[in-house]
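Understanding the architecture of this molecule
Chain residues, written in single-letter form:
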Amino acid sequence: MRMKCAIIGSREYENVRKIKDLLTDLKKRHGEELVIISGGCPEGADKYAKKYALEFGIKYKEFNPAHTPRNLHSAMSDSYYNKPYHVSQFHHRNLLIARDCDVMIALIPKGVDARGSESAINAAKRLNKKVVVLT
């Protein structure tokens, strides 16, 4: 059975070892059925989730915001992307991630105010998705 795991988190998240270990463990448990979902931020948790999912040969799906260009891993159609920037696009992206995942893992360093991650976590909780927060 397919396991869709969202990995989201702070732009300040830099614990590469934890992300590698997490993805290694998820791949051992779910094998070819694992899909990593993330938000496409070029920094922090999203950056490393994408980098190592692809390096480890794990299926990867990205809900990057509507103001960004579509890429090879983007989940939405061409018409969704390249819109004028608006902050609401991040909240919409977070809702899309929450809807699509089976479980959400948020990587947030202690003491970091991660309002974007909180938006995604709250969306997942409203949808009764399992949420795990790691520091």
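Structure's up top.
This report concerns the structure included in the present document. (Residues numbered from 1 in each chain as written. Predicted model: local features only at pLDDT ≥ 70, side-chain atom pairs only at ≥ 80, totals over all residues. Heavy atoms only, no water.)

So, the pairing of strand E4 (residues 103–107)
Keep this limit in mind: Partly exposed residues are those whose accessible area sits between 20% and 50% of the maximum for their type, while under 20% is buried and over 50% is exposed, using a 1.4 Å probe and protein chains only. Only runs of H or I of at least four residues qualify as helices and only runs of E of at least two qualify as strands under DSSP, and these elements are numbered from the N terminus. Strand pairing requires that DSSP identify at least two bridges connecting the strands. Consider the strands pointing away from the viewer: the crossover is right-handed when the path from the first strand over the helix to the second runs clockwise.
Burial analysis of E4 places five of its five residues in the buried class, the great majority of the element. Alternating positions in E4 separate into two faces, Val 103, Ile 105 and Leu 107 on one and Met 104 and Ala 106 on the other, with burial throughout. Here strand E1 (residues 3–9) pairs with E4 via five bridges, running parallel. Counterpart to Cys 5 in the pairing with E4 is Val 103. Summarising the sheet, E4 and strand E5 (residues 130–134) pair through five bridges and their orientation is parallel. Bridging across to E5, Ile 105 finds its partner in Val 132. Crossover connection from E4 via helix H4 (residues 115–126) to parallel E5: handedness right-handed.

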